[in-house]
Amino acid sequence: MNCLKVLGLSFALVLGMGELVRGDVEETANKRSALEVLPGSATVYLEVKGFGDLMKLVSESELSKTIQALPQFRQEFNTKILGLKFGLAIFEQAVGMKWDKAMGSLTAGGMYVTLDVNTNVVCLMMKADDGGKLKKIRDGVLAFIRADADRKGNADPIIEGKYRGIKTYQVGAMGFATAGKWLLACSDGDEGEAMLDRLLDGGKGSLGMSKRYQAARKMDGGKTTMWGYVDLEAVRKWGKAEKLFVGKTDNPAAEMLVGGIMGNLKYAKYGTVSLNADMKKNKLTLRMALPHNEKTLKEREFFFGAGGEGKADEALAVKDTAMTLTMHRDTAEMWLSAEKLFDERVVAQMTKSETDLGIFFSGRKFGAEILPAMKPKMQIVVSRQRYKGLGVVPAIKLPAFALIARVNDDAKKLQRELEVGYKSLMGLLNLQAGMQDRPQFDVTTERVAGGGRITTAEYLEEGEGKREGGEIYYNFSPTMAAVKDYVILASTKELGRELLEKVMKRKKAAVSAFNTEMRIYADVAAAMLRDNRNQLIAQNQLNEGQTKEEATDEIDGMLKVLEAFKGAAIELKSSKAMMRLEVSASMKEKKVGE
């Protein structure tokens, strides 16, 4: 046979085998999942699925459009984001498509990131919708990097190589490669090669084989756009995030609200975080889940309840409610556990308060005798004031608020003791008001059907007719109401009476599905701010040195942003096995015809 023919046939055979090898690599790579490839030593793992939905919700929602229309946003955008826009334009020219379309294509099959806090190694994987499109974007990005370096007079920053027949590229500390629909990147060369080995061969050492990851995955709370896993035990050993694992605190309010969550972080071996973008409901939901630990359940039983099963009451909502917060909290147990929960300064303050509060309860100990008579149920309600029937309307309009608690069945006499203590407090406030030449309270008690009582302290008014622009203390008409097993302490007579009527209409207290539940109603919150619009504008002029026009634009912009929301919610569910915290925000949809 002619020698040239033999060489030609051999060359064709080699080329054919090369195409076959490349085809096998791409086929094998496309069948792999990120969990089969990413390192099992990861301390933090994050996956993003539905990147396009998240971008659309953020960029096309009414909230986003409202923010983009604000003068102050446009000014900031034009001065600080101009360089980014220029860079994006060059990038789009290099890859031949809009940046958001390119990101949508690159992440169509998900984006996956790991971090090892001990070695600072970051690994990334993206699965594109098409291998050919991925190569086009890759080549465009490489051309973009080289053109930028050339324009600045720098040497070629890209180091090219090959590993097991796969082209590799290194830019700075980060190396990357493409295989099939997958883009792989890693900040460590050895770990990057290990990823390519697992991509081609499978094998041990992957994140998906980690028992801790597998346990965390079982806590998944449903559909998610982003989902993350954290090896909390490794983070604690790392020793650079001590604030996340605090022991004693100096903030009793924070302990009451989130002490159980922070306590769980001290012992949990792992945790998960997720974010879901619901396009139909125009809603973003953030979730965090932690497995319960026996130490946490014992130390924070006042928070979670026996066996972690403590449930709050359903919230009492009234007209123009701005916020409701309902919780399961055993305040007596928290008070008695003060030395384990709080630092020395707070414990000393609580000891002093024990003595001071005894004045209002005939010398009885507040922590040992009064609080144990209360059920581990409490609520807070905040509402907008209407100032109907008032002779003086304050210039600065504050929301009304109330604390609702319940007493044990065998401790209902406590309601009368609290009433006596309340009247004693009003008497002291009247003495103080007299010395400061302020109006004094007129304290009255009224019996209501069903055995309830309502005691109100209202300011004695002078003169006739309605007066606007009154002092700030005219926001208050402190009220205490008691009926059934409820005790209501409200900042205004109107709110106290509304809540009293709500309780009386209930046959029995309804139990919530949550340990803690908070609801915020954006329309009412915005209305309360609008009630004080002129004062807010004047305050901005004074504090920020703005003109009236500038201050007006800023305050009105803030109100428009708030009005673009429907509301927000925080929900904490707890069981013996785990706790799940969910934070959500709903945005208004575009009205028909707009």
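Above this text you will find the structure in question.
**Observations concerning the overall build of the chain**
Point 1. Each helix and strand counted, the chain has 23 helices and 22 strands in total.
Point 2. A burial count over the chain gives 43% of its 594 residues as buried.
Point 3. Taking the intrachain contacts of the chain between residues at least 6 apart in sequence as the baseline, contacts between residues at least 24 apart amount to 68%.
Point 4. Working note: accessible area of the chain is about 32,000 Å², and carbon and sulfur atoms make up 56% of it.

**A closer look at the pairing of strand β8 (residues 226-230)**
Each regular strand carries side chains that alternate between the two faces of the sheet.
Point 1. Taken across its five residues, β8 has four buried, putting it largely inside the fold.
Point 2. Note that strand β1 (residues 44-48) and β8 share five bridges and pair antiparallel. Among the inter-strand pairings, Y45 is bridged to a residue of β8, identified as Y229.
Point 3. Relative to strand β9 (residues 271-278), β8 runs antiparallel, the two being bridged by five bridges.

**Structural notes on the side chain of T492**
Point 1. Counting through the fold element by element, T492 comes out in the loop between β19 (486-490) and α20 (493-505).
Point 2. Judged by relative accessible area, which is 4%, T492 ranks as buried.
Point 3. Within the structure, the side chain of T492 is placed 3.2 Å from the backbone nitrogen of L495, a separation counted as a polar contact.

**Side note on the pairing of strand β15 (residues 441-448)**
Point 1. Here β15 pairs with strand β16 (residues 452-459) via eight bridges, running antiparallel. The residue bridging E446 from the neighbouring strand is I454, located in β16.
Point 2. As consecutive antiparallel partners, β15 and β16 are separated by three residues, and within that stretch G450 has a phi angle of approximately 90°, a positive value.

**Focus: the packing of aromatic side chains**
Point 1. Counting across every chain of the model gives 14 aromatic pairs.
Point 2. Pairing Y169 with F176 gives two aromatic rings, centres 5.3 Å apart and planes at 25°, and the pair type is stacked. Taken as a pair, Y169 and F176 share a single burial class, namely buried.
Point 3. With a centroid separation of 5.2 Å and 70° between ring planes, the pair formed by W335 and F366 is classed as edge-to-face. A residue pair is termed long-range when its members are at least 10 positions apart, and W335 in helix α15 (residues 331-336) and F366 in helix α18 (residues 366-370) qualify at 31 residues. The pair W335 / F366 is uniform in exposure class, with both members buried.
Point 4. Pairwise contacts between aromatic rings join Y45, Y213, W227 and Y229 into one cluster.

**So, a nonpolar patch on the surface**
Point 1. On the surface, V273, L286, I570 and V583 cluster together into a nonpolar patch covering about 260 Å² of accessible area.
Point 2. Structurally, I570 can be placed in strand β21 (residues 565-574).
Point 3. With a relative accessible area of 32%, I570 lands in the partly exposed category.

**Quick look at the layout of surface pockets**
Point 1. The space that makes up the largest pocket amounts to roughly 1,000 Å³.
Point 2. Contributing to the lining of the largest pocket are 36 residues, with F361, F366, L403, L418 and L489 lying nearest its centre.
Point 3. The element best represented in the lining of the largest pocket is helix α19 (residues 413-435), accounting for six residues.
Point 4. A per-class count over the lining of the largest pocket returns 30 nonpolar, four polar and two charged.

**Some thoughts on helix α22 (residues 533-544)**
For an α-helix the count is 3.6 residues per turn, leaving residues at separations of three or four pointing the same way.
Point 1. Over its twelve residues, α22 runs 16 Å from end to end, which matches the ideal 16 Å to within 8%, given 1.5 Å per residue.
Point 2. Looking one or two residues beyond α22, the residue adopting positive phi is G545, at roughly 70°.

**Some points on the pattern of salt bridges**
Point 1. Within this structure, the stated rule accounts for 38 salt bridges.
Point 2. In this structure, the salt-bridge partner of E309 is K311, at a minimum N-O distance of 3.7 Å.
Point 3. Residue E309 is classed as partly exposed on the basis of its relative accessible area, which comes to 43%.
Point 4. A residue is classified by how much of its surface remains accessible, and K311, at 25% relative accessible area, is partly exposed.
Point 5. For E446, the salt bridge is made with R497, and the minimal N-O distance between the two is 2.7 Å. Of this pair, E446 sits in strand β15 while R497 sits in helix α20; the two residues are 51 residues apart in sequence, bridging distant segments of the chain.
Point 6. Relative accessible area serves as the criterion here: at 25%, R497 is assigned to the partly exposed category.

**Some words on empty space enclosed by the protein**
The rolling of a water-molecule-sized probe over the atoms marks out the regions of remaining empty space.
Point 1. Within this structure, the stated rule accounts for two cavities of 30 Å³ or more.
Point 2. Considered as a void within the structure, the second largest cavity measures approximately 40 Å³ in volume.
Point 3. Around the second largest cavity, the lining residues are R384, Q385, Y387, K397, L398, P399, M528, D531 and N532.
Point 4. Broken down by class, the residue content of the lining of the second largest cavity amounts to four nonpolar, two polar and three charged.

Rules of the game
- Residues numbered from 1 in each chain as written.
- Predicted model: local features only at pLDDT ≥ 70, side-chain atom pairs only at ≥ 80, totals over all residues.
- Heavy atoms only, no water.
- Helix = DSSP H or I, 4+ residues; strand = E, 2+ residues; numbered from the N terminus.
- Buried < 20%, exposed > 50% of the residue type's maximum accessible area, 1.4 Å probe, protein only.
- Contact = heavy atoms within 4.5 Å.
- Areas by Shrake-Rupley, 256 points an atom, 1.4 Å probe, with all protein chains shown as cover.
- Pairing = 2+ DSSP bridges.
- Polar contact = N/O pair within 3.5 Å; in protein donor to acceptor, adjacent residues only side chain to side chain.
- Phe/Tyr/Trp six-rings, centres within 6.5 Å; stacked < 30°, edge-to-face > 60°.
- Patch = residues over 30% accessible without salt bridge, like charges linked within 9 Å, V, L, I, M, F, W, Y side chains within 5 Å.
- Salt bridge = Lys/Arg side-chain N within 4 Å of Asp/Glu carboxyl O.
- 1 Å grid on protein atoms, 1.4 Å probe; cavity = no way out; pocket = protein on both sides within 12 Å on 5 of 7 lines; lining within 4 Å.
- Points joined across faces, edges and corners; volume = space filled by probe spheres on them.
- Nonpolar A, V, L, I, M, F, W, Y, C, P; charged D, E, K, R; others polar.
- Expected span 1.5 Å × (residues − 1).

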